[in-house]
Amino acid sequence: MISKEIVIAGAGPAGLAAAIEAAKAGAKEVLVVDLNLKPGGQLFKQIHKFFGSSAHRSGTRGIDIGNQLLTEAKEYGVEIWVNSAAVGLFHDRIISIEKGLDSGEKELVNIQAQKIILATGASENVVRFKGWTLPGIMGAGAAQTMINVNRVKPGNKVVMLGSGNVGLIVSYQLMQAGCDVVALIEAAPKIGGYGVHAAKIRRAGVPIYTSHTIIEAKGTERVSEVVIAELDRSWNPIPGTEKVLEADVVTLAAGLKPISDLVRLHDLKCVYNAAFGGWVPKHDRNMESTQPGIYVVGDTTGVEEANTALEEGRLAGVAAAERLGYLTQTDASALKDDIWERLDGLRMGPFGEKRMVAKNQILAAFPECAK
Amino acid sequence: MCMRITEHVILGQEETAKLVEITVDGKPLMAKEGEPILAALLAENMIINRYTVKRKEARGLFCGIGQCTDCAMIVNGKPNVRTCITPVEQGMVIKTQYGVGEGDGEDD
Ligand SMILES: Cc1cc2nc3c(=O)[nH]c(=O)nc-3n(C[C@H](O)[C@H](O)[C@H](O)COP(=O)(O)OP(=O)(O)OC[C@H]3O[C@@H](n4cnc5c(N)ncnc54)[C@H](O)[C@@H]3O)c2cc1C
Ligand code: FES
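Please read these numbers as outputs of a predicted model, since none were measured by experiment.

Enquirer: Explain the overall build of chain B residue by residue, including any values.
Expert: For chain B, the count of helices and strands is one helix and eight strands. Along chain B, helices and strands appear, N-terminal first, in the series β-β-α-β-β-β-β-β-β. Principal-axis analysis of the C-alpha atoms places the extent of chain B at approximately 45 × 25 × 25 Å. Put simply, chain B has 108 residues, and 51% of those count as buried.

Here it is as structure tokens:
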């Protein structure tokens, strides 16, 4: 077994920011592991300019934020292992990493860490309808990874299900990649995401079917037709309203849920929060979970956005460095106060308010005795 | 049909990458060094990676980030390789996976 000061699972904005902040404060052996081929999490598929307040790099593209984080991580001597999945979490802060590719030899490395930070992000929700397992039907994020990271089109004619920001942005990006977006389907009577994104889709001439859903996907070995129908007020399909659309790809953008495998494995206490996408680990204002020395940050603690993930990562990085003796209480408090001020700023406005309420509920659920 | 995005309004022109040769179900294919196996196949509009054990249904790309295992194939004789998070290498031999990828009568 090897030992490290801080081990971070997940190299998205949350994990990288935590690593940078801790290393900046003086922590020496900071390791970030990620199961993917490249670090950066969701950032590298986001080629659009970010929404959010100006103090928080709105107008900057996700890929640029990602590159900046990687440069900083390098500068401060953060170690990053890719193709390395965190698969186990044990008592006294031992974390197991499965290192290596599926196609090669794998090695299980157990690490004794002084602090562990879980930043594993979120996964896409699935929508089930007849034929939903046919090839060509995939998560919107999967399609986005293919077009923006790997530069290959998953198909030519796409039906998008879901009109939240992910559905809207990925639809637009599919068009930028040269795909034909046949239709956008939304079960609710209204569009879920920002008006500006929806306007772009409309202007491009993509029909948006609200109060509609997919009834069935047809095809042999690949989707070729999609049957949609209108929904009544109790969300039941209205007979006779079916339409058949020709498509070789269906992308599902029905929200995300926090990845909580490691959290559950080690019995970090959780609480259900619908606004955050499901079960999320309880934590205090240092982002420390109910298991001392284990921190939780970013989408893992509730699905939000890149900027909140970044700030939560920074909080945990500062808090962990403080506990390890690299920051005085006064210095750490000043840093944490600044971060909380920014976080509060990000959780305002019509879309942010709900998340502010949700976060406060989670903080309130943290048992005092565990501190 | 080539599904590669050579020109992109934001990402610009595709960078020239070193090419490697791989074999997919017996046929040779050129791929970009370091790209995921799945992307190399998708570039040729090949979307089926495996067939399920019981109902023998086709499966392909679903999550693209190593979480779902729908993209598993046999790579250099090794079954259950998630092709969305495994990069291509010169000379790689890739096969569609039937069931759990054992005793399928093929020569691996
Ligand atoms: C289409 C789309 C558009 C978006 N647009 C915006 C926007 O405009 N503005 C904005 O602010 N936000 C946006 N977001 C949201 C933002 O991308 C996320 O909130 C943010 O990336 C969360 O950061 P994170 O670090 O918590 O998780 P992630 O970025 O998801 O990173 C988690 C990392 O952990 C890794 N991982 C998971 N499990 C393990 C394990 N067991 N071991 C090792 N590694 C593991 C994953 O591979 C991943 O790299 C968008 C999201 C999507 C999908
Ligand atoms: S597509 Fe889900 S693991 Fe590869």
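Enquirer: Run through the interface of chain B and chain A, naming residues and quoting values.
Expert: For interface size, the figure often reported is the accessible area lost on association. Contacts between the two partners involve 42 residues from chain B and, on the opposite side, 39 residues from chain A. Together, the buried faces of chain B and chain A total about 3500 Å²; carbon and sulfur atoms form 60% of this surface. It is B:Met3, B:Ile5 and B:Phe62 in chain B that bury the most area against chain A; as a group they hold 19% of the surface buried on that side. Between the two partners, chain B and chain A, sit one salt bridge.

Enquirer: Describe in detail the sheet that holds strand β12 (residues 212–218) of chain A, supporting the description with residues and values.
Expert: Strands pair in a sheet through their backbones, by hydrogen bonds, and they do so in one of two ways: parallel or antiparallel. Residue and element names in this part refer to chain A. Taken in spatial order, the three strands line up as β12-β13-β14 in an open sheet, and their pairing is antiparallel. Among the strands making up the open sheet, the edge pair consists of β12 and β14 (243–246). Within the sheet, the average angular offset between the axes of one strand and its neighbour, ignoring direction, is 30 degrees. In terms of strand pairing, β12 meets strand β13 (residues 225–230) through six bridges, oriented antiparallel. Bridge pairing in β13 places His212 opposite Glu230.

Enquirer: Which residues make up the nonpolar core, and what values do they have?
Expert: Residues and elements named next belong to chain A. Counting residues in hydrophobic clusters, the biggest one holds 41 residues, and the most contacted among them are Ile6, Ile8, Val30, Leu69, Val78, Ile117 and Val297. Those elements that provide at least two residues to this core are β1 (2–9), α1 (13–25), β2 (30–33), α2 (62–75), α7 (306–323) and α8 (329–346). In terms of residue count, the dominant contributor to this core is α7 (nine residues). For Ile6, the contacting residues outside a window of four places in its chain are Ala22, Ala27, Glu29, Val30, Leu31, Lys115, Ile117, Ala320 and Leu324. Counting 32 residues, the second largest nonpolar core, distinct from the first, contains Met160, Leu168, Leu184 and Ala253.

Enquirer: How would you summarise the environment of A:Thr71 if you had to cite specific residues and measurements?
Expert: All names here are of chain A. Mapping Thr71 onto the fold places it in helix α2. Overall, Thr71 belongs to the partly exposed group, its relative accessible area being 48%. A C-alpha to C-alpha distance of 10.0 Å links Thr71 and Ile20, two positions 51 residues apart in sequence.

Enquirer: Would you mind going over the sheet that holds strand β2 (residues 27–32) of chain B in detail, with residue names and values included?
Expert: Residue and element names in this part refer to chain B. Strand order in this open sheet of five strands is β2-β1-β7-β5-β6, and the pairing throughout is mixed. Taken across any chain shown, the strands that pair with only one partner, and hence form the sheet edges, are β2 and β6 (78–82). Adjacent strand axes in the sheet meet at a mean angle of 40 degrees, parallel and antiparallel pairs treated alike. Of the strand pairs in this sheet, strand β5 (residues 72–75) and strand β7 (residues 93–95) are connected by two bridges, and their pairing is antiparallel. Directly across from Val75, in β7, lies its bridge partner Ile94.

Enquirer: Lay out the domain arrangement of chain A in plain terms, naming residues and giving numbers.
Expert: Residues and elements named next belong to chain A. In terms of domains, chain A is made up of domain 1 (2–123 + 256–365) and domain 2 (126–252). When each unit is reduced to the centre of its C-alpha atoms, the spacing between domain 1 and domain 2 is 31 Å. Each partner contributes residues to the interface: domain 1 has eight residues there, and domain 2 has 13 residues. Taken together, the connections running from domain 1 to domain 2 amount to zero salt bridges. Along the contact surface separating domain 1 from domain 2 lie four residue pairs in polar contact (both at pLDDT 80 or more).

Enquirer: How would you explain helix α9 (residues 349–365) of chain A if you had to name every residue and give the values?
Expert: With 17 residues, α9(A) extends 24 Å from end C-alpha to end C-alpha; this agrees with the ideal 24 Å at 1.5 Å per step. Of the positions making up α9(A), those classed as buried are A:Gly352, A:Arg355, A:Met356, A:Ala358, A:Lys359, A:Ile362 and A:Leu363.

Conventions used here
Residues numbered from 1 in each chain as written. Chains lettered and ligands numbered in written order. Predicted model: local features only at pLDDT ≥ 70, side-chain atom pairs only at ≥ 80, totals over all residues. Heavy atoms only, no water. Helix = DSSP H or I, 4+ residues; strand = E, 2+ residues; numbered from the N terminus. Buried < 20%, exposed > 50% of the residue type's maximum accessible area, 1.4 Å probe, protein only. Contact = heavy atoms within 4.5 Å. Buried area = accessible area lost by both parts, 1.4 Å probe. Salt bridge = Lys/Arg side-chain N within 4 Å of Asp/Glu carboxyl O. Pairing = 2+ DSSP bridges. Axes fitted to C-alpha atoms, helices over the stretch in contact; angles between N-to-C directions. Core = buried A, V, L, I, M, F, W, Y, C linked by side-chain atoms within 4.5 Å. Domains from an automatic or database assignment. Polar contact = N/O pair within 3.5 Å; in protein donor to acceptor, adjacent residues only side chain to side chain. Expected span 1.5 Å × (residues − 1).

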